[in-house]
Amino acid sequence: MLNGAYFRNVKSKRIRFLVDGSGSMSACILWGSTYGDWKIYWSGSYYFWSRQNCALTRIESLQTELTSLITALYPDTKISIQSFSSPGRKNHKVWEQSSNGLVKIGNDGVRESAIAFVNSLNNDRPTKWGGTYPWEGLDASFKDNESDTLYFLSDGEPNADRMGGSWQANDYDPTVTHYSNFNNTREQVLKTNTIALGLESPWMEKLSANTTGDHLQIDK
């Protein structure tokens, strides 16, 4: 079993990772005391420029955690990685090697390719990353009968519900019910572990509870 700050109790060998690549992941969680080049960050409600050096942003913490885990996975573990933002934006993408399903991490060059994908999530300016639209990734995860475990990480509420309407508190239960029912039609249950960064997320907590998974809330 492998453990990190975000991805805990990792013991499956058929895992999907669905992670938030939205612009809010540029929020700084550890400011330094020095100054350098101007960079752009998410404040919690808007983007801003600062010359104060940030020792760690949310996206960098995710990259560190996921890279460490990928490095430690057993060679026969099969995974996929997908990041979500707004459809058509920079960070709404799938790791190419897993675009058709899970891939064995021990195959030649696969581990290195997975790490390169994770490290690509902050290649562009955060304003190009996009918003929070996890539905395509969640749908793909629940349709994948080869996987038995999902790690779903997000730092914000969805920008829209599954149908494209405004996301509201009364969307929580119908959304969880949809994926719970989907889970019941699968050949095997998809254990869905949810990780909420810097927020309380009742719907993510309910989703994990209804799919035999664990919920983790990480405050700033």
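Just above, that's the structure.
All of these numbers come straight from a predicted model, not from anything done at the bench.

### Some points on the side chain of Ser50
Line of reasoning, step 1. Position of Ser50 relative to the elements: it lies in strand E3 (residues 47-57).
Line of reasoning, step 2. A relative accessible area of 12% places Ser50 in the buried class.
Line of reasoning, step 3. Separated by 3.0 Å, the side chain of Ser50 and the backbone nitrogen of Gln52 make a polar contact.
Line of reasoning, step 4. For Ser50, the residues in contact, after removing those within four places along its chain, are Trp31, Asp37, Trp38, Lys39 and Tyr41.

### Regarding the nonpolar core
Line of reasoning, step 1. Within the largest apolar cluster, 30 residues are counted, with the highest numbers of intra-cluster contacts made by Phe7, Phe17, Leu62, Leu66, Ile81 and Leu153.
Line of reasoning, step 2. Sorting the residues of this core by element identifies strand E1 (14-20), helix H1 (58-72), strand E4 (78-84), helix H2 (110-119), strand E7 (149-154) and strand E8 (191-197) as the ones contributing at least two each.
Line of reasoning, step 3. Beyond its immediate chain neighbours, meaning those up to four positions away, Leu62 contacts Tyr6, Phe7, Val19, Asp20, Met25 and Leu153.
Line of reasoning, step 4. Residues Trp135, Tyr179, Trp203 and Met204 belong to the second largest nonpolar core, which totals 17 residues.

### What about the pattern of salt bridges?
Line of reasoning, step 1. Per the stated rule, a full pass over the model turns up six salt bridges.
Line of reasoning, step 2. Taking the shortest distance from any N to any O, the salt bridge between Asp76 and Lys13 comes out at 3.0 Å. Separated by 63 residues along the polypeptide, Asp76 in the loop between H1 and E4 and Lys13 in the segment before E1 bring together distant segments of the chain.
Line of reasoning, step 3. Residue classification places Asp76 among the partly exposed residues on the basis of a relative accessible area of 40%.

### Focus: the state of the cysteines
Line of reasoning, step 1. Within this structure, the stated rule accounts for one disulfide.
Line of reasoning, step 2. The disulfide partner of Cys28 is Cys54, and the gap between their sulfur atoms is 2.2 Å. Residues Cys28 and Cys54 share a disulfide whose torsion about the S-S bond is about 100 degrees; that sign makes it right-handed. In this pair, Cys28 is assigned in strand E2 (residues 28-42) and Cys54 in strand E3, connecting sequence segments 26 residues apart.
Line of reasoning, step 3. The class of Cys28 is buried, set by a relative accessible area of 8%.

### Some words on the environment of Pro202
Line of reasoning, step 1. As for its position among the elements, Pro202 is in helix H5 (residues 202-210).
Line of reasoning, step 2. For Pro202, a relative accessible area of 35% puts it in the partly exposed group.
Line of reasoning, step 3. For the pair formed by Pro202 and Tyr172, sequence separation is 30 residues and the distance between their alpha carbons is 7.4 Å.

### Some details on the pairing of E4
Line of reasoning, step 1. Where burial is concerned, most of E4 is hidden: six out of the seven residues are buried.
Line of reasoning, step 2. Pairing of E1 with E4 involves seven bridges; the strand directions are parallel. Within the sheet, the bridge partner assigned to Asp20 lies in E4 and is Phe84.
Line of reasoning, step 3. Relative to strand E6 (residues 103-104), E4 runs antiparallel, the two being bridged by two bridges. Bridged to Lys78 within E6 is Lys104.

### Quick notes on the packing of H1 against H2
Line of reasoning, step 1. Contact pair H1 / H2: the axes reach a minimum separation of 10 Å and the direction vectors enclose 175 degrees. The angle between H1 and H2 falls in the class roughly antiparallel. Between H1 and H2, the contacting residues are Gln63, Leu66, Thr67, Ile70, Thr71 and Ala72 on the first element and Arg111, Ala114, Ile115, Val118 and Asn119 on the second.
Line of reasoning, step 2. In terms of residue class, the contact of H1 with H2 is built from six nonpolar, four polar and one charged.

About the thresholds
Every chain is numbered on its own, with residues counted from 1 as its sequence reads. Whole-chain, interface and lining totals are the exception, using all residues; otherwise, since this is a predicted model, local features are given only for residues with pLDDT of at least 70 and side-chain atom pairs are given and counted only at 80 or more. Only hydrogens and water are set aside; all other atoms, that is, all heavy atoms of the structure, feed into the side-chain values. By the criteria applied, helices consist of DSSP H or I runs no shorter than four residues and strands consist of E runs no shorter than two, each listed in order from the N terminus. Burial here depends on accessible area, computed with a 1.4 Å probe over protein chains only, as a share of the maximum for the residue type. Under 20% is buried, over 50% is exposed, and the range in between is partly exposed. As used in this structure description, the phrase polar contact means that two N or O atoms lie within 3.5 Å; if the pair is within protein, one of them must be able to donate a hydrogen and the other to accept it, and residues adjacent in sequence are counted only when both atoms belong to side chains. What makes two residues a contact is simply this: any of their non-hydrogen atoms within 4.5 Å. We define a nonpolar core as any set of buried Ala, Val, Leu, Ile, Met, Phe, Trp, Tyr and Cys residues linked to one another through side-chain atoms lying within 4.5 Å. Salt bridges are identified by distance alone: a Lys or Arg side-chain nitrogen within 4 Å of an Asp or Glu carboxyl oxygen. Criterion for a disulfide: a pair of cysteine sulfur atoms within 2.5 Å. Any two strands with at least two DSSP-identified bridges between them are counted as paired. Whenever a helix is involved, its axis is fitted only over the stretch in contact; in every case the axis is a line through C-alpha atoms, and angles between N-to-C directions fall within 0 to 180 degrees. Angles are sorted into four bins: roughly parallel if under 35 degrees, roughly antiparallel if over 145, roughly perpendicular if 65 to 115, and oblique for all others. Polarity classes work like this: nonpolar for Ala, Val, Leu, Ile, Met, Phe, Trp, Tyr, Cys and Pro, charged for Asp, Glu, Lys and Arg, and polar for all others, with Gly in that last group.

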